[in-house]
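This is what each chain is made of:
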Amino acid sequence: MTCIVCQTPLSAGLSGWHHTCPSCAYESAALAVAINHAAEHAEIDEDTRETSLKALRQQNFRTIVALTRQYAAPGARTLLDVGSAHGWFLEAAAGAFEVQGIEPDEAVAAKASARGLPVRIGYFPQALKAEERFDVIVFNDVIEHIPDIRAALRDCHNRLAPGGTLVLNLPSSRGLFYRLSKLFARVGLRGPFERLWQKGMPSPHVHYFNPDNLTRLVGSEGFDLLHSTEIDAVTANGLWQRLTMFGQVHPLKAAVQWLGIRCVLLPLTKLFTSDIIVCLYRKR
Ligand SMILES: [Zn+2]
């Protein structure tokens, strides 16, 4: 196995399914994707997941829309949101762009459509018409799930109008929580590490990037970096729901975790690198 960024042979990581690049620090996971498989889907309560993440997502989406408006070409009008999920980004961007969403999870897409949002069921770019092009293409927590990421980037290049903008919002391997989870995994506590990779979820992460190796990869597929920034990975809003959403968590354990995060980790995160990065690129 070689690194998808720099072609260096990958080294064994912290688990049988985890590999890291000794040269550029790219990380990969051999975790299976199972969107629309009923058995795995039943394991998480979509409604609980939706509520618990909403406050943080909406806050971050407003930031990303403002950044996109700032860095996109002046006349940019049409925006495609790949993996639009519940449609929150479509709602946040609708005032600034003519929006279109694509979502592979049929149940999630149907719920967003029922709320009047422009969402097509399917994968990118198969769900698009042959001649369709966009001024902006956005991936919110999506690109790190796509096994053949180079093919996805080539499709973005092909589907963007000249001078179009690609917006990637994804977890960072330099983030405080991810680095702590690796520290815990090294001493045998694998829970946080597996949770951050979303092991056992319908669509786990298969890549972990930092801003440098991501820009190297995206740059090699015909894009120039416009802007790269970190955004908040944790807020106090919805924290309790996030801790208890996976079920089987003892209330006392959840309470201890809540206190730890609220009183220790949350203030600390302000001092360290955030776990979420947003990178904006222009098509060459
Ligand atoms: Zn590499």
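Just above, that's the structure.
Keep in mind it's a predicted model, so treat the numbers as computed, not measured.

Caption draft 1: Structural view of a nonpolar patch on the surface. A grouping of Val264, Leu268, Leu271 and Phe272 is seen on the molecular surface, where their side chains present a nonpolar patch of about 380 Å² in accessible area. As for its placement among the helices and strands, Leu271 is situated in the loop between helix H10 (251-269) and strand E11 (276-283).

Caption draft 2: Inspection of the environment of Leu153 at higher detail. Summarising the element assignment, Leu153 is placed in helix H5 (residues 149-159). The sequence separation of Leu153 and Glu221 amounts to 68 residues, and the corresponding C-alpha distance is 6.5 Å. Excluding residues that lie within four positions of it along the chain, Leu153 makes contacts with Leu166, Leu217, Val218, Glu221 and Phe223.

Caption draft 3: Expanded view of unusual backbone geometry. That bond from Phe124 to Pro125 is cis: its omega, 5°, falls within 30 degrees of zero. Despite not being glycine, Ala25 has its phi angle at roughly 75°, a positive value. One can find Ala25 in the loop between strand E2 (18-20) and strand E3 (27-29). The residue Gln198 is not glycine, and still its phi comes out positive at about 60°. Mapped onto the secondary structure, Gln198 falls in the loop between helix H7 (191-196) and strand E9 (207-208).

Caption draft 4: Spatial organisation of the sheet that holds E9. An order of E1-E2-E3-E9 is seen for the four strands of this open sheet, with the pairing classed as antiparallel. Of all the strands in the sheet, the pair left with one neighbour each is strand E1 (11-12) and E9. Taken together, the two bridges between E3 and E9 define a ladder with antiparallel strand orientation. Counterpart to Glu27 in the pairing with E9 is Tyr208.

Conventions and cut-offs
Residues numbered from 1 in each chain as written. Predicted model: local features only at pLDDT ≥ 70, side-chain atom pairs only at ≥ 80, totals over all residues. Heavy atoms only, no water. Patch = residues over 30% accessible without salt bridge, like charges linked within 9 Å, V, L, I, M, F, W, Y side chains within 5 Å. Areas by Shrake-Rupley, 256 points an atom, 1.4 Å probe, with all protein chains shown as cover. Salt bridge = Lys/Arg side-chain N within 4 Å of Asp/Glu carboxyl O. Helix = DSSP H or I, 4+ residues; strand = E, 2+ residues; numbered from the N terminus. Contact = heavy atoms within 4.5 Å. Pairing = 2+ DSSP bridges.

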